Amino acid sequence: MRERVRWAIGLVGVFLFAGCGSPGSAMAGLTHPPTRPRVKQVSVIRAGATTGGSSRIEVEYGRRYVLTVPRSVRHQTIGVADTPKGVVLLLPPEWMSSAGRDWTVAIAKPKGPSANLLSQGARVLARIAPHSLGQSLSLTAVTQGYALVTENAAGGGGARAYLWSINLINGQERLVRRWNPGRVEGAPFVAGRGVVAWWDAGTGHATALDLASGQTQTLLNIGSANALGWQNGGLFANGAQISLKFLVPYGHHLATGYKWLGSPPLMAIPTSWRAMPNSQGSVKAIDPSDSRTRVVVTVSHCEGCYRAGQVSNRINAVSGPDSPELQLPSGTRLFWLSDHAIAYTLPATAPGYRTYGVTVTAPQGGEVSARVTVPLADKATATTMLNSLWWP
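What you see as residue numbers is a count from 1 along each chain, following the sequence as written. Given that this is a predicted model, residues contribute local features only at a pLDDT of at least 70 and side-chain atom pairs are listed and counted only at 80 or more, while totals for whole chains, interfaces and linings are drawn from all residues. Side-chain descriptors were evaluated using all non-hydrogen atoms of the structure, hydrogens and water having been removed beforehand.

(A) Main features of the overall build of the protein. Secondary structure elements are defined from DSSP: runs of H or I of at least 4 residues count as helices, runs of E of at least 2 residues count as strands, and each element is numbered from the N terminus. Counting its secondary structure elements, the protein contains two helices and 30 strands. We call a residue buried when its accessible area falls under 20% of the maximum for its residue type, exposed when it is over 50%, and partly exposed in between, using a 1.4 Å probe and counting protein chains only. Of all 392 residues assigned to the protein, the portion counted as buried reaches 52%. Whether two residues are in contact is decided by their heavy atoms, any of which lying within 4.5 Å being enough. Summarising the internal contacts of the protein: among those between residues at least 6 apart in sequence, 49% fall at separations of at least 24. Only the protein chains shown count as cover for residues, and all accessible areas are computed by the Shrake-Rupley method using a 1.4 Å probe. Accessible area for the protein stands at about 16800 Å²; split by element, carbon and sulfur atoms hold 50% of it.

(B) A look at the packing of aromatic side chains. Only rings of Phe, Tyr and Trp enter the pairing, Trp through its six-membered ring, and a pair is recorded when the two centres are within 6.5 Å. The plane angle decides the type: under 30 degrees is stacked, over 60 is edge-to-face, the rest tilted. Under the definition given, this model contains three aromatic pairs. Residues Trp 260 and Trp 390 carry aromatic rings whose centres are separated by 5.7 Å and whose planes lie at 85° to one another, so their mutual orientation is edge-to-face. Of the two residues, Trp 260 sits in strand β20 (residues 258–261) while Trp 390 sits in the segment after α2 (379–387), which places them 130 residues apart along the sequence.

(C) Region of the structure containing the pattern of salt bridges. Each reported salt bridge corresponds to a side-chain nitrogen of Lys or Arg within 4 Å of a carboxyl oxygen of Asp or Glu. Evaluated as defined, the whole model comprises two salt bridges. In this structure, Arg 177 and Asp 200 form a salt bridge, with 3.0 Å as the shortest nitrogen-oxygen distance. A residue pair is termed long-range when its members are at least 10 positions apart, and Arg 177 in strand β12 (residues 173–179) and Asp 200 in the loop between β14 (195–199) and β15 (205–210) qualify at 23 residues. Residue class for Arg 177 comes out partly exposed when judged on its relative accessible area of 24%. Classification of Asp 200 as buried rests on a relative accessible area of 8%.

(D) Focus on the sheet that holds strand β11 (residues 161–167). The criterion for strand pairing is that DSSP finds at least two bridges linking the strands in question. Across the sheet, four strands lie side by side as β9-β10-β11-β12; this open sheet has antiparallel pairing. Strands with a single pairing partner mark the edges of an open sheet, and in this sheet they are β9 (137–143) and β12. In this sheet, adjacent strand axes meet at a mean angle of 25° when their direction is disregarded. Judged from the six bridges that link them, β11 and β12 form a sheet pairing that is antiparallel. Counterpart to Ser 165 in the pairing with β12 is Arg 174. All axes here are fitted lines through C-alpha atoms, helices being fitted over the stretch that makes contact, and every angle between N-to-C directions spans 0 to 180 degrees.

(E) Inspection of the sheet that holds strand β24 (residues 290–300) at higher detail. Spatially, β22-β23-β24-β30-β29-β28-β27 is the arrangement adopted by the seven strands of the open sheet, whose pairing is antiparallel. Looking at strand neighbours, the two that pair on one side only are β22 (274–276) and β27 (333–338), the edges of this open sheet. Sheet twist, expressed as the mean angle between neighbouring strand axes with direction ignored, is 20°. Inspection of the sheet shows β24 paired to strand β30 (residues 367–375) by seven bridges, in the antiparallel sense. The residue of β30 that forms the bridge with Val 297 is Ala 370.

(F) Structural context of α2. Judged by how many residues are buried, α2 sits mostly within the fold: seven of nine residues are covered. Within α2, burial applies to Lys 379, Thr 381, Ala 382, Thr 383, Met 385, Leu 386 and Asn 387.

(G) How the structure looks around empty space enclosed by the protein. Here the term cavity refers to a set of points on a 1 Å grid, laid over the protein atoms alone, in which a 1.4 Å probe fits but cannot get out; the term pocket refers to an open set having protein on both sides within 12 Å along at least five of seven lines, with lining residues being those that place an atom within 4 Å of a point. Grid points are joined across faces, edges and corners, and a volume is the space filled by probe spheres set on the points. Tallied over the full model, the rule gives four cavities of 30 Å³ or more. Quantified by volume, the second largest cavity comes out at close to 60 Å³. Forming the walls of the second largest cavity are Leu 163, Arg 177, Trp 179, Val 184, Pro 188, Phe 189, Trp 198, Trp 199 and Ala 201. Where the lining of the second largest cavity is concerned, the elements lending two or more residues are β12 and β14. Under the scheme applied, nonpolar residues are Ala, Val, Leu, Ile, Met, Phe, Trp, Tyr, Cys and Pro; charged residues are Asp, Glu, Lys and Arg; polar residues are all the others, including Gly. Among the residues forming the lining of the second largest cavity, the class breakdown is eight nonpolar, no polar and one charged.

(H) How the structure looks around the pairing of strand β18 (residues 234–237). In this sheet, β18 lies alongside strand β17 (residues 228–231) in antiparallel orientation, the contact comprising four bridges. Bridging from a neighbouring strand, Gly 229 pairs with Phe 236 of β18. Count of turn residues in the β17/β18 antiparallel hairpin: two residues, of which Asn 232 carries a positive phi of about 55°. As defined by bridge partners, β18 adjoins strand β19 (residues 240–241) across two bridges and the pair is classed as antiparallel. When the bridges of β19 are listed, Phe 236 appears paired with Gln 241. Adjacent in sequence and paired antiparallel, β18 and β19 are bridged by two residues, among which Asn 238 carries a positive phi angle near 55°.

(I) Quick peek at the nonpolar core. Here, the term nonpolar core denotes a set of buried Ala, Val, Leu, Ile, Met, Phe, Trp, Tyr and Cys residues that are joined through side-chain atoms within 4.5 Å. Counting residues in hydrophobic clusters, the biggest one holds 31 residues, and the most contacted among them are Leu 148, Val 196, Ile 222, Leu 235 and Leu 244. Those elements that provide at least two residues to this core are β10 (146–151), β11, β12, β13 (189–192), β14, β15, β17 and β18. Per element, the largest residue contribution to this core is five residues, and it comes from β14. Listed in part, the 27 residues of the second largest apolar core include Ile 269, Ala 343, Val 368 and Val 372.

Right, here's the structure in full:
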């Protein structure tokens, strides 16, 4: 089991046995849980804030949400991310008449299916004014209680792009980094587990920042932004895992009586189980004594794995980080393990059997999903297997 997230992942076992727990409570076991300062006074968005007529947009993240869209922001892109703390929204200027040219970062906690994200009230966390008129902002990532928002450069020799972090508890806003996109190839930064790392253009090094503590660490011999990545719960650079002073990559322990499934390893399975051929991008194993007892692990590399459909008139696009709730059947009991991972119990399986799963979305796109089907009396086996899953 992983050294630094032992408590959080251990909640998979609690979830499988009890099927309960409050969303977000697993956050307390992560490396740098945000402090809970006094929450400042914030404004509230409601459906009545729309002006000049409105249309509706639907967003599906396993659950279906509805957004009421003012006509004044037609053809703008809305940022959406589902998190343990609620649904994070990045709304373009003119969504609210009081916003001026500022973009609004808000968080909503919808109640029930097909809930309107804004009609029940959403807290405004921050308002960000672009550095130049016409600049667009995008919701790039959500990591360990922080939203990351980027401002794209308009172009030209003196162009600058910007990265902000917004604390999802108290709305504290921080300008993390500015850069010239003409000097950076590939993605300008990588992020995960509350850490952001970027290449310092024109130098031979990179910088890693812990968002909660503000600690930084310089990484030497980094020749480009493409040298940085995120793998196995830690920063990856020049083809090797990096151990930071404020973040240690995941460790893995093989329990007695188990063996690794997949190459490279994906999760542990009982030594008696047999690996079977399966579709591209997934591996499967079954218990030879009972073919209904099995596991399927799927690895996908899609980016933006969400769906958005409009109720009337195709007026807006929806973008944002992947959501682990995507494609879960209605009525699925789930428990958040982190900003990018959920444990769940499927509502129905074959008589005498139950299916449990974990889905983790990768910081740079794609996901890892594991589903274990076992007899009702054998939940401990499913718990051990899911706790061993190798996260991105």
